[in-house]
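Topology and contacts: notes
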Amino acid sequence: MTPEAVPLGGPRFQTEPARLYREIRRDHGPVTPVVLDGDVPAWLVVGYRELHQVTGDPVLFSRDSDLWNQWDMIPDDWPLLPMIGRKQPSILYTVGERHRERAGMISDALEAVDPFELRGHAERFADELIDGLCTSGEADLIAQYAMLLPVRVLARLYGFPDEDGPGLVTALNDMIDGRERAIAGQQHLGSSMAQLLADRKAAPADDVVSRMLQDESGFTDEEIMQDLMVMMAAGHQPTADWIGNSLRLMLTDDRFAASLFGGRNSVAEAMNEVLWEDTPSQNIAGRWASRDTQLGGRRIRAGDLLILGLQGANSDPQVRTDASALTGGNYAHFSFGHGEHRCPFPAQEVAEVVARTGIEVVLDRLPDIDLAVPADTLTRRPSPWLRGLTELPVRFTPVPAL
């Protein structure tokens with residue numbers, strides 16, 4: 001790895017990521033040498049064309065983490081192990097035909113979710129959460145709302161009892177932040193999934209887990225449990241951040257202010273703007289080169305790890321010639337990935353319904369909502385991977401619970 005390597009971490013990923021990605025691209029090009037926790041080397045791909053090339057060639061840039069040439073340097077307590085696992089039998093690290101079969105199983109299980117039922121669950125849980133805060137006149141829409149809503153909806157779709165929701169939220173956040181509690185969070189999520197799997201094998205129901213267990217492709221319980229953990233993590237936190245980042249945009253940007261006063265017209269536009277400019281999934285690990293190759297003018301060696309710089313690529317000036325313009329109906333962002341390992345379309349639909357419903361319920365129930373602190377004092381969680389607010393304090397006229 002070259003001496004110019006950029007640490008993938010630090011406060012600038014929270015405070016000024018757009019400027020940071022511009023500087024990275026200017027100083028290092030579309031493929032940048034970076035170091036992860038513990039001085040572990042990797043490449044960050046921030047060029048739109050280069051990221052398209054990496055995600056579109058699953059043979060040269062494989063999802064098989066066993067290829068990594070750094071495993072001898074990785075300690076057992078490395079905090080990024082939940083994000084970059086070895087020998088994990090989940091869909092994330094499966095390749096080829098087996099991956100396509102697993103993606104089909106997950107898509108089928110999610111596609112069978114009734115969209116009206118999904119929206120009904122989302123509205124009911126959103127209304128319950130708003131009932132818990134609407135009489136006070138002030139709230140933190142992250143801790144009291146956005147961080148609680150997606151996991152409650154997903155837990156219901158999967159078949160969890162509602163009371164398991166809070167523990168799952170804590171475990172997921174610990175795991176995704178990649179700090180000292182990451183491995184404990186992963187263990188809690190794993191034991192919860194194993195218990196649900198056992199319950200559903202004994203008593204099948206009309207839920208996602210039961211449908212996955214009924215699939216006839218011959219997956220083991222361990223494989224299904226791992227896929228459920230991936231689906232829960234990928235479905236909850238980015239959706240919570242999508243809600244929070246969209247509400248922040250609508251509360252701080254005059255272009256979207258009209259939505260806050262009786263209309264929903266630009267909710268979808270604000271949500272799409274966030275996926276381009278402030279996407280929850282900033283950087284994703286990763287792909288591994290299956291042989292020596294060239295990418296973006298860099299020499300990539302067999303086994304090198306490439307981090308997918310989704311936000312960096314979304315803001316690449318070669319495709320965003322006018323970065324100040326509204327993205328409107330342009331959905332060519334990388335926020336759901338690309339290629340055969342992209343987020344399955346039914347999962348995207350679930351996330352969009354939950355996020356949009358969550359935002360609309362806030363606007364319906366708290367019509368005169370306003371930010372309670374200066375916009376420039378809002379802070380982000382300390383993660384280079386997922387971008388979300390630590391809190392979103394708001395004030396509003398108190399209203400009675402439903």
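Preceding this paragraph is the structure being described.
Now for a look at the structure at hand. The structure presented is a predicted model; accordingly, all values stated were derived computationally and were not measured. (Residues numbered from 1 in each chain as written. Predicted model: local features only at pLDDT ≥ 70, side-chain atom pairs only at ≥ 80, totals over all residues. Heavy atoms only, no water.)

Moving on: the overall build of the protein. A tally of regular secondary structure across the protein gives 14 helices and 11 strands. A globule of 402 residues ought to have a C-alpha radius of gyration of about 21 Å, and the protein, at 21 Å, matches this closely. The C-alpha extent of the protein, read off along each of the three principal axes, is 65 × 55 × 35 Å. With 402 residues in all, the protein has 55% of them scored as buried. Taking all contacts inside the protein whose residues are at least 6 apart in sequence as the whole, residues at least 24 apart take part in 72%. With the model as given, the accessible surface of the protein reaches about 16900 Å², and the carbon-plus-sulfur share is 51%. With 37 positive and 60 negative side-chain charges, the protein shows a separation of 5 Å between the mean positions of the two kinds. (Helix = DSSP H or I, 4+ residues; strand = E, 2+ residues; numbered from the N terminus. Rg over C-alpha atoms; globule rule 2.2 N^0.38 Å. Buried < 20%, exposed > 50% of the residue type's maximum accessible area, 1.4 Å probe, protein only. Contact = heavy atoms within 4.5 Å. Areas by Shrake-Rupley, 256 points an atom, 1.4 Å probe, with all protein chains shown as cover. Lys, Arg positive; Asp, Glu negative; His and termini not counted. Charge placed at Lys NZ, Arg CZ, Asp CG, Glu CD.)

Counting across every chain of the model gives four aromatic pairs. Plain terms: the ring middles of Trp 68 and Trp 71 are 5.1 Å apart, the flat faces sit at 80 degrees to each other, and that makes the pair edge-to-face. Here the two residues Trp 68 and Trp 71 agree in accessibility, since each one is buried. Relative to Trp 78, the ring of Trp 68 has its centre 5.9 Å away and its plane inclined at 45 degrees; by these criteria the two rings are tilted. (Phe/Tyr/Trp six-rings, centres within 6.5 Å; stacked < 30°, edge-to-face > 60°.)

Further remarks concern the pattern of salt bridges. As a working rule, side chains carrying opposite charge can pair if their charged atoms are close by. Counted according to the given criterion, the structure contains 26 salt bridges. Put simply, Asp 27 and Arg 26 hold a salt bridge, and the shortest N to O gap is 2.8 Å. Judged by its relative accessible area of 44%, Asp 27 is partly exposed. With relative accessibility at 61%, the residue Arg 26 sits in the exposed group. A salt bridge links Arg 119 to Glu 123, with the shortest nitrogen-to-oxygen separation between them at 3.3 Å. Here Glu 123 and Arg 119 lie together in helix H5 (residues 115-131), a separation of four residues that amounts to about one turn. Glu 123 gets classed as partly exposed once you look at its relative accessible area, which sits at 31%. One network of salt bridges, with partners in common, ties together Arg 98, Glu 101, Arg 102, Glu 223 and Asp 227. (Salt bridge = Lys/Arg side-chain N within 4 Å of Asp/Glu carboxyl O.)

With that settled, consider the packing of helix H12 (residues 267-277) against helix H14 (residues 345-365). At their nearest, the axes of H12 and H14 sit 11 Å apart, and the two run at 125 degrees to each other. Between H12 and H14, the angle falls in the class oblique. Where H12 crosses over H14, the handedness of that crossing is right-handed. Residue-level contacts link Val 267, Ala 268 and Met 271 of H12 to Glu 352, Ala 355, Arg 356, Ile 359, Glu 360 and Leu 363 of H14. Across the contact of H12 with H14, the residue classes break down as six nonpolar, no polar and three charged. (Axes fitted to C-alpha atoms, helices over the stretch in contact; angles between N-to-C directions. Parallel < 35°, antiparallel > 145°, perpendicular 65-115°, else oblique. Left-handed = near helix turned anticlockwise from the far one by under 90°. Nonpolar A, V, L, I, M, F, W, Y, C, P; charged D, E, K, R; others polar.)

Moving on, we come to the sheet that holds strand E11 (residues 393-395). Sheet architecture is open: three strands sit in the order E5-E11-E10, paired in antiparallel fashion. Each end of this open sheet is capped by a strand with a single partner; those strands are strand E5 (138-140) and strand E10 (370-371). Pairing analysis gives three bridges linking E5 to E11, with the strands arranged antiparallel. Among the inter-strand pairings, Asp 140 is bridged to a residue of E11, identified as Pro 393. (Pairing = 2+ DSSP bridges.)

It is worth spelling out the packing of helix H7 (residues 149-158) against H14 at this point. Orientation of H7 relative to H14, taken along the N-to-C sense of each, is 135 degrees, at an axis distance of 10 Å. Classed by the angle they form, the pair H7 and H14 counts as oblique. Note that H7 runs across H14; the crossing there is right-handed. For the pair formed by H7 and H14, the contact residues are Leu 149, Pro 150, Val 153, Leu 154 and Leu 157 on the first element and Val 350, Val 354 and Gly 358 on the second.

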